[in-house]
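Below are the chains, spelled out letter by letter.
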Amino acid sequence: MRRACALFVATLSTASVGCTNPLDEKAQQQKAAPTAETASPKDAPMQYKVLSDEVNKQSNTVEQHILLAAQPKHDEADALMKYLYRHLMTRAEPQPAGVAAYVYSDEAQYKTPPRSPVAAVIQKSGDAGPTFDNKVPLEFWQQVDQAQSHSDKGWKLEKKIERNDANKTLTITQPYTEPGEDRYSDKLSFNQAMVIFTDTAKDLFEKVPELRAMNFIGRWKDQEVVKIGMDRTQYQAVNIGDLEEQIGQLHGRAFLELSTGRGTDASVAKGNTQRMAALYKKMLGQLKGHAWVSPALK
């Protein structure tokens, strides 16, 4: 009888060791196989509707498509993608081998092939980390900031930019300084002043898509020596890229003249300077009264 009781207790003991709490097992199953989402979690930086939430058990990957109520700002889209990546990678165990989340601001972007999300975060199986693709344009102030080199930041003669965000216009006050130095240039020619203007205009109109117009003020030795207003239509008509190509051809002509002995250093330089000035003056003439350059600049 004692042996039978001992055997029964031992059997019970073994059975209890091998058993799993049904509640724990259910929790693990729920963690391992999340219910497809239909809306954003409460802690999401932006609220959204889930258009599709697919889990591929064979490849252990997740693909989610979400719809925002309105077009996000660039930085908002950045924050949302980082959140989506963390959320999809941690909402279930084991962690997925790959995730893909696509963000739309209009349902037609999702329903009309090929799909055109405004942002996406993707990590394929085997990738070291995620790839973020943010197609939401930078805000106007960000475009302007990124278009500048900021090499003169903190200088007494730092370039000043005043933005009108509502009208998407800029006023640039540019001191003509010695390269790399916080002081005015010892000398300033008409052509040098125009090179800096055209470089500035090209950088801003090419790198700031929303820019409509700019006013350029060039200062030298505490005097305004250049004032030029230009809108995007005028910029396109002037065609600074073509102007730069013509000036490059003039430099090539000057080099050829020197190498073939068709002039002295002084005469070739003078002729090249005059021809460059003629091109710049032609450009200013196209601006129809919106350009002024001090006669002191030769």
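Remember, it's a predicted structure, so these values are computed and weren't measured experimentally.

Here is what the cut-offs are and how they apply
Residues numbered from 1 in each chain as written. Predicted model: local features only at pLDDT ≥ 70, side-chain atom pairs only at ≥ 80, totals over all residues. Heavy atoms only, no water. Helix = DSSP H or I, 4+ residues; strand = E, 2+ residues; numbered from the N terminus. Areas by Shrake-Rupley, 256 points an atom, 1.4 Å probe, with all protein chains shown as cover. Salt bridge = Lys/Arg side-chain N within 4 Å of Asp/Glu carboxyl O. Buried < 20%, exposed > 50% of the residue type's maximum accessible area, 1.4 Å probe, protein only. Core = buried A, V, L, I, M, F, W, Y, C linked by side-chain atoms within 4.5 Å. Phe/Tyr/Trp six-rings, centres within 6.5 Å; stacked < 30°, edge-to-face > 60°. Pairing = 2+ DSSP bridges. Axes fitted to C-alpha atoms, helices over the stretch in contact; angles between N-to-C directions. Parallel < 35°, antiparallel > 145°, perpendicular 65-115°, else oblique. Left-handed = near helix turned anticlockwise from the far one by under 90°. Contact = heavy atoms within 4.5 Å. Expected span 1.5 Å × (residues − 1). Right-handed = clockwise from strand over helix to strand, strands pointing away.

A. Local environment of the overall build of the chain. The helix and strand tally for the chain stands at nine helices and 10 strands. Taken as a whole, the chain presents about 18300 Å² of accessible surface, with 53% of it coming from carbon and sulfur.

B. Up close: the pattern of salt bridges. Taken as a whole and assessed by the stated rule, the structure comprises 14 salt bridges. The salt bridge involving Arg253 is made with Glu257; its shortest N-O contact spans 3.3 Å. Linking Arg253 with Glu257, this pair stays in helix α8 (residues 240-259), spanning four residues, or about one helical turn. Note on Glu257: relative accessible area 13%, which makes it buried. Shared partners join several salt bridges into a network, and the residues in it are Glu37, Asp53 and Arg91.

C. Structural view of the nonpolar core. In this structure, Met194, Val226 and Leu297 are the most contacted members of the largest nonpolar core, which totals 40 residues. At the level of elements, α5 (140-147), β7 (169-175), α6 (190-207), β8 (213-220), β9 (223-231), α7 (232-238), α8 and α9 (265-286) are the ones that each hand at least two residues to this core. Counting 22 residues, the second largest nonpolar core, distinct from the first, contains Leu68, Tyr83, Met89 and Val99.

D. Main features of the packing of aromatic side chains. As enumerated under the stated definition, the model contains three aromatic pairs in all. When the centroid spacing of 5.4 Å and the interplanar angle of 70° are considered together, the rings of Tyr104 and Tyr110 count as edge-to-face. Tyr110 sits in the buried class, given a relative accessible area of 14%. Aromatic pair Phe205 and Tyr235: ring centres 4.7 Å apart, planes at 15°, arrangement stacked.

E. Structural detail: the sheet that holds strand β4 (residues 119-123). Ordered in space as β1-β2-β3-β4-β5, the five strands form an open sheet in which the pairing is mixed. The open sheet terminates on both sides in strands that have one partner only, identified here as β1 (48-56) and β5 (131-134). When the angles between neighbouring strand axes are averaged without regard to direction, this sheet yields 10°. In this structure, strand β2 (residues 61-68) lies alongside strand β3 (residues 98-104), joined through seven bridges in parallel fashion.

F. Examining unusual backbone geometry more closely. A cis amide bond links Glu93 with the next residue in sequence, Pro94, at an omega value of 0°. With respect to the helices and strands, the residue Pro94 is situated in the loop between α3 (74-90) and β3. A cis geometry characterises the amide bond from Pro113 onward to Pro114, with omega recorded as -10°. Of note in the backbone geometry, Asp222 takes a positive phi value of approximately 60° without being a glycine. Positionally, Asp222 belongs in the loop between β8 and β9. Even without a glycine there, the phi angle at Asn239 is positive, about 60°. Mapped onto the elements of the fold, Asn239 is located in the loop between α7 and α8.

G. Examining the packing of α6 against α9 more closely. With their axes 10 Å apart at the nearest point, α6 and α9 run at an angle of 50° to one another. Of the possible angle classes, the one that applies to α6 and α9 is oblique. Viewed along their axes, α6 and α9 form a crossing whose handedness is left-handed. Contact with α6, carried on its side by Phe190, Asn191, Met194, Val195, Phe197 and Thr198, involves Thr273, Met276, Ala277, Tyr280, Lys281, Met283 and Leu284 of α9 and no other residues of that element.

H. Highlighting α6. Given a rise of 1.5 Å per residue, 18 residues ought to cover 26 Å, and the 26 Å separating the end C-alpha atoms of α6 matches this to within 8%. Those residues of α6 lying buried are Phe190, Asn191, Ala193, Met194, Phe197, Thr198, Thr200, Ala201, Leu204 and Phe205.

I. Here's a closer look at the pairing of β3. Most of β3 sits out of view: seven of its seven residues are buried. Residues Gly98, Ala100, Tyr102 and Tyr104 point to one face of β3 and Val99, Ala101 and Val103 to the other, with burial holding for every one of them. Considered for its hand, the β-α-β crossover made up of β2, α3 and β3 is right-handed. Here β3 runs beside β4; their pairing, made up of five bridges, is antiparallel. Bridged to Val103 within β4 is Ala119.

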